[in-house]
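Okay, here's what each chain looks like letter by letter:
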Amino acid sequence: MKYISVCIFLALAAITSCVNNESNTATVDANEAYYQSIKHLTGLEHQPRMQKADSAEVIFYDNPDGDPKRYTRFYKSISSNSNSLIKALKNSVNKHFVRIEYIRKCRSEGKFYLFAEGNPMQTVYFSNRGDSCSHLYFIADGWFFYMDMDPGTLQVLDSLKTMAKKPEGSVM
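Residues numbered from 1 in each chain as written. Predicted model: local features only at pLDDT ≥ 70, side-chain atom pairs only at ≥ 80, totals over all residues. Heavy atoms only, no water.

1. Describing the packing of helix α4 (residues 83–93) against helix α5 (residues 151–163)
- Between α4 and α5, whose axes approach to 8 Å, the crossing angle comes to 140°. Here α4 lies oblique to α5, going by the angle between them. For the crossing formed where α4 meets α5, the hand is left-handed. Residue-level contacts link S84, L85, A88, L89 and S92 of α4 to G152, T153, V156 and L160 of α5.
- Here the contact of α4 with α5 is built from residues that sort into five nonpolar, four polar and no charged. (Axes fitted to C-alpha atoms, helices over the stretch in contact; angles between N-to-C directions. Helix = DSSP H or I, 4+ residues; strand = E, 2+ residues; numbered from the N terminus. Parallel < 35°, antiparallel > 145°, perpendicular 65-115°, else oblique. Left-handed = near helix turned anticlockwise from the far one by under 90°. Contact = heavy atoms within 4.5 Å. Nonpolar A, V, L, I, M, F, W, Y, C, P; charged D, E, K, R; others polar.)

Printed below as a string of structure tokens:
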């Protein structure tokens, strides 16, 4: 009789152990866990190589509302190592970001190629099309990281846009 009681006890313990193991195995969303670990950062902290930026090439698309497949082909650009541009840009990305999986519906009006000592560091896209579309964003880890654009960055962009030139040899 003792033997049967021990066998029943062991069988119940094994069944209970299996049930407990099944209930403790929760699925972990790696993307969400990663986001939770970085959401307290600013864009500048998340992409620290931008802190080294000392110059930029700024691209202004000629027709951001044009053909969706070709609107980035025609542009004006200007290279700058202006401290006011670099400082304004760093201030704009030194904010908490919103990370989303897909690009927002409003189109980019242009982009910054950031450089440090002539080496490419980061591409930052911009749009200023009103309240819901006044932002900067960069792409990292397959996600889009959006930050609101500062008025200082808008002022610098407006002044640079008037000085931007078409690339040599461009048709349009």
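2. A few points about the state of the cysteines
- Counted according to the given criterion, the structure contains one disulfide.
- With its sulfur 2.1 Å from that of its partner, C106 forms a disulfide with C133. Given an S-S torsion of about -115°, the disulfide between C106 and C133 has left-handed geometry. With C106 in the loop between β3 (98–100) and β4 (110–116) and C133 in the loop between β5 (119–128) and β6 (134–140), this pair connects stretches of sequence that are 27 residues apart.
- Owing to a relative accessible area of 16%, C106 belongs among the buried residues under this scheme.
- For C133, a relative accessible area of 10% puts it in the buried group. (Disulfide = S-S within 2.5 Å. Buried < 20%, exposed > 50% of the residue type's maximum accessible area, 1.4 Å probe, protein only.)

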